[in-house]
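Observations on the three-dimensional arrangement
So you can see what is in the structure, the chains are spelled out below.
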Amino acid sequence: MEAEDEQPNEPGRRPEPSGLSLFEPRERQGEKPGESDGEPEPAGPGAEPPSRRRRTRRVLLWTLSTLLVLVIGGCGALWWTAEHYASSVHRIPDAFPSVPESAQPKPVPGSGLNLLLVGLDARSDTPATGSAAKAPAWRAGAARSDTMMLLHLSEDRRSATLVSLPRDTWVPVPGHGEAKLNAAYSWGGPALMTETVQNLTGIRVDHLAVIDWNGFRALTDAVGGVDITVPRTIEGVGEARAWEAGTHHMDGATALLYVRERYGLPGGDLDRTRRQQNFLRALMLKVMDSGTLTSPARLGGLLGTVGEVVSVDDRLSNTDLYQLAWSLRSLRADDVRFLNAPFGGYATRGEQSVVLLADLPAERLWEAIRNDRTEQYFRERPAGDTLGADVD
């Protein structure tokens, strides 16, 4: 039997490729040298010639490359904008208690975020908070906290609860005995204020934000003012301003008069905290209606505006700050509940008029916040001291 003739490699013949190339089609089996460089006949009716397929691949490749460059460039610009504005927010060092962890409330994983919001009564025209600050946010005895609010954001960011703590609330202040709540900031700054609130509520404070009245005026003016409806005419008492019933467009100076007044109000300090909540609600509605929280570019601008007047704790990184603001984009006004800490009555301590909290109702509220069960809390107590539509 004759052996089969071996077919040696022809000079110049390329070996059969082992795989497909992204840029060049595999040669057809049995193709003669040089055929791939020509214009072979289409394989069947309607088939594209290889040269056209190669052009299509090149166009697709360049299109994808261009889109990739644009996406990377856009993300880079967005990151730079967010980083730039978040970096402008002033940070407060040592804003948290230095006591051991065992002496502080234990954080509960997956239970949302708790922020302590503090408004300062610095009684000075020198800014003390924000990037424009000319004085420290705290100096012993220089200022008391005029407004204290505990803001709880649910873990899924679908609801928020803001609880006002009246400035005259009688509480134990670590190292100072019992006193009004607003004295804690004057004696020990943000760290002592945070420790006092944590001890009072049993709630771990995750972050802190501080603004003085100069910043409050500037922030109100920066957003173009806020519309507040006064449901009934309120007579002026002493230095307290009279307010006509109706909607008032308030600039920073007017809004400051509105939120600071208490002597002309029947509920005194409690009505004052309701006015502060009413203002925050109106400000929040304006920001939401403008689409700021759903636009990365506008959100950066908002952080820039806030950064000029607000100081936050130094544990809140630029990324944390931007992500926190962005996480609230789906929140609506109806998802936010405003209320005062459960009121237990007025009293006197020495020569001081003070506010007492109702211990058992307060503990139920603190427990709901600690465990992110505020929705259940409000279902069970629909008649609580929540902010209504009409606020004197």
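Heads up: these notes are all about the structure in this document. (Residues numbered from 1 in each chain as written. Predicted model: local features only at pLDDT ≥ 70, side-chain atom pairs only at ≥ 80, totals over all residues. Heavy atoms only, no water.)

Section: the pairing of strand 6 (residues 177–180)
- Where strand 5 (residues 170–173) meets strand 6, 4 bridges bridge the pair, whose relative direction is antiparallel. From the neighbouring strand, V171 faces strand 6, where its bridge partner is A179.
- Linking strand 5 to strand 6, which pair antiparallel, is a turn of 3 residues; within it G175 sits at a positive phi near 85 degrees. (Pairing = 2+ DSSP bridges. Helix = DSSP H or I, 4+ residues; strand = E, 2+ residues; numbered from the N terminus.)

Quick word on unusual backbone geometry
- We note that D94 has phi near 55 degrees; this positive angle belongs to a residue other than glycine.
- Here D94 lies in the loop between strand 1 (90–92) and strand 2 (113–121).
- What makes D94 exposed here is its relative accessible area of 66%.
- Look at D372: it is not a glycine, yet its phi comes out positive at around 55 degrees. (Buried < 20%, exposed > 50% of the residue type's maximum accessible area, 1.4 Å probe, protein only.)

A closer look at helix 2 (residues 183–201)
- Taking 1.5 Å of rise per residue, the 19 residues of helix 2 would be expected to cover 27 Å, yet its terminal C-alpha atoms sit only 17 Å apart, more than 12% below that figure.
- A maximum bend of about 135 degrees is found in helix 2 at G189, where proline P190 lies one to four positions downstream.
- Summarising burial for helix 2: 15 of the 19 residues are buried, a large majority.
- Just downstream of helix 2, G202 is the residue with a positive phi angle, here 75 degrees. (Expected span 1.5 Å × (residues − 1). Bend = angle between axes of the 7 residues up to and from the residue.)

Considering the side chain of R281
- Checked against the element boundaries, R281 lands in helix 5 (residues 269–289).
- The charged side chain of R281 is buried without a salt bridge, its nearest counter-charge being D390 at 7.6 Å.
- A polar contact is formed between the side chain of R281 and the backbone oxygen of G388, at a distance of 2.9 Å.
- Ignoring any residue separated from it by four or fewer positions in sequence, one finds R281 in contact with F338, L387, G388, A389 and V391. (Lys, Arg positive; Asp, Glu negative; His and termini not counted. Salt bridge = Lys/Arg side-chain N within 4 Å of Asp/Glu carboxyl O. Polar contact = N/O pair within 3.5 Å; in protein donor to acceptor, adjacent residues only side chain to side chain. Contact = heavy atoms within 4.5 Å.)

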